[in-house]
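Structure at a glance
Below, each chain spelled out in residue letters.
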Amino acid sequence: MPAQFAPLQNDTFIRALLRQPTDYTPVWLMRQAGRYLPEYNATRKRAGSFLGLAKNPDYATEVTLQPLARFPLDAAILFSDILTVPDAMGLGLYFADGEGPKFERPLRDEAAVLALRKPEPGSLQYVFDAVTQIRTELSGRVPLIGFSGSPWTLACYMVEGGGSSDYRTVKTMLYNRPDLMHHILRTNADAVAAYLNAQIDAGAQAVMIFDSWGGALADGAYQEFSLAYMRQIVSQLQHEKNGVRVPCIVFTKGGGLWLEQIADIGADAVGLDWTMGLSRARALVGERVALQGNLDPVVLFSSSDQIRAEVGKTLQAFGQPKAGNGHVFNLGHGISQFTPPSAVEVMVETVHQVSRAMRHPG
């Protein structure tokens, strides 16, 4: 029997994504449950490892809720990792100390690529259990965001075997054997669509696709090897659950150049990094999508006054939201682990205060 959830008390984030009027600009942070919070580090230590944390619904729930106990954020985001999907495809995810994620069995040859299969049923149940548990414990305070990596971003890790500075291995496969690359991307797209739909079934009230490495692609290659597969996912998503809209956000880091094309794939909102001005972005997308972003995360290392000034500039750059437009405030990428929590407090408070004043002057 499906879980019964408390009614949503603060729907500002959802309304902004659907380009409906809001009293203020909602705010959340990419990587908001993370190493910049001492309580996260304490829980991670108890869990024994990053994967021990991510694969245990109790721990995942605990760390997802931690930032909400500190800051009046307008959304929670599931604590998980984008590499859960390739891990469930049998590539053997592990985390090397100081080196980040690695795969024991990267896709380096034709046989490995052609043997790739979608995750086995049940292999990602721990994620869906965490979604339901988090949604239950939120008791309707704010919406819960589910997420996945994009097919291209997942492929980067799956072929490189980990992170990369130049994406030489995966891009060589793209140019030399586009047939193999398309096989990986098709498999990933079907897996991601099913994964996000299962998160929605488990209780996610919005979903986001992180295309962290789309900006590493050449113009032309981006459209063929990243954007086309995100479009495919968006077309397969359930956009409504129990009569309620479930918005979808897509985010390509370094994707400002392709903003108008990204806005046309059917998502409700497009995330922007800090290299794209919000006023220009708004002019380009019109009323097609809401926008999310886009403060430079390094601003949070400056003084409180400077943080307030930069937040104000970001809000002014988007301008006064009107019906048909929507803005969700966020960083232009994930928050740095070295960020002082007090800086986040200043940022969130300023977003709420300044955006209210912009809507209700005098």
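Refer to the structure above for everything that follows.
So, here's what we can say about the structure. (Residues numbered from 1 in each chain as written. Predicted model: local features only at pLDDT ≥ 70, side-chain atom pairs only at ≥ 80, totals over all residues. Heavy atoms only, no water.)

With parallel pairing, seven strands are arranged side by side in an open sheet as S1-S4-S5-S8-S9-S10-S11. Pairing within the sheet leaves two strands with one partner each, and these edge strands are strand S1 (76-77) and strand S11 (327-328). Sheet analysis places strand S8 (residues 248-252) next to strand S9 (residues 269-271), joined by three bridges and oriented parallel. For Phe-251, the partnering residue across the bridge sits in S9 and is Gly-271. (Pairing = 2+ DSSP bridges. Helix = DSSP H or I, 4+ residues; strand = E, 2+ residues; numbered from the N terminus.)

Taking 1.5 Å per residue as the helical rise, helix H14 (residues 304-318) with its 15 residues ought to reach 21 Å, and the 22 Å between its terminal C-alpha atoms agrees with that figure. Every buried residue of H14 is accounted for by Ile-307, Val-311, Gly-312, Thr-314, Leu-315 and Phe-318. Viewed end-on, H14 has its buried residues packed into an arc of 160°, placing them on one side of the element. Of the residues in H14, the exposed ones pointing more than 90 degrees away from the buried face are Asp-305, Lys-313 and Gln-316. (Expected span 1.5 Å × (residues − 1). Buried < 20%, exposed > 50% of the residue type's maximum accessible area, 1.4 Å probe, protein only. Arc of directions from axis to C-beta.)

For the rest of this paragraph, the subject is a nonpolar patch on the surface. A cluster of nonpolar residues, Val-298, Phe-301 and Phe-338, forms a patch on the protein surface that exposes about 340 Å² of accessible area. Relative to the helices and strands, Val-298 is located in the loop between strand S10 (290-292) and H14. Residue classification places Val-298 among the exposed positions, given a relative accessible area of 53%. (Patch = residues over 30% accessible without salt bridge, like charges linked within 9 Å, V, L, I, M, F, W, Y side chains within 5 Å. Areas by Shrake-Rupley, 256 points an atom, 1.4 Å probe, with all protein chains shown as cover. Salt bridge = Lys/Arg side-chain N within 4 Å of Asp/Glu carboxyl O.)

This next bit is on the environment of Lys-45. Here Lys-45 is to be found in helix H2 (residues 38-47). Residue class for Lys-45 comes out exposed when judged on its relative accessible area of 73%. Lys-45 sits 317 residues away from Gly-362 along the chain, and the two C-alpha atoms are 49 Å apart.

Core analysis: the biggest nonpolar cluster contains 130 residues, and Phe-13, Trp-28, Met-181 and Met-347 have the highest contact counts within it. Setting aside residues up to four positions removed in sequence, Met-347 forms contacts with Val-27, Leu-29, Leu-295, Leu-300, Ile-307, Val-311, Phe-329 and Leu-331. (Core = buried A, V, L, I, M, F, W, Y, C linked by side-chain atoms within 4.5 Å. Contact = heavy atoms within 4.5 Å.)

In the structure shown here, the tally under the stated rule is twelve salt bridges. Lys-55 serves as the salt-bridge partner of Asp-87, at 2.8 Å between the closest nitrogen and oxygen. Of this pair, Asp-87 sits in helix H5 (residues 84-91) while Lys-55 sits in the loop between helix H3 (50-54) and helix H4 (57-70); the two residues are 32 residues apart in sequence, bridging distant segments of the chain. The exposure class assigned to Lys-55 is partly exposed, which follows from its relative accessible area of 35%. Across the salt bridge formed by Glu-104 and Arg-105, the nearest N and O atoms sit 3.0 Å from each other. Given the relative accessible area of 45%, Arg-105 is considered partly exposed. A cluster of three or more residues bridged by salt bridges with shared partners is formed by Glu-110, Arg-177 and Asp-179.

For the rest of this paragraph, the subject is the packing of aromatic side chains. A full pass over the atoms with the stated rule returns eight aromatic pairs. Measuring from centroid to centroid gives 4.8 Å for Phe-50 and Phe-95, while their planes differ by 45°, and the two rings are tilted. Within this pair, whereas Phe-50 is found in helix H3, its partner Phe-95 is found in strand S2 (residues 93-96), the two being separated by 45 residues in sequence. Look at Phe-95 and you get partly exposed, because its relative accessible area is 28%. Over the face of the ring belonging to Phe-318 we find Arg-282, whose NZ or CZ atom lies 4.4 Å from the ring centre. (Phe/Tyr/Trp six-rings, centres within 6.5 Å; stacked < 30°, edge-to-face > 60°. Lys NZ or Arg CZ within 6 Å of the ring centre and 35° of its normal.)

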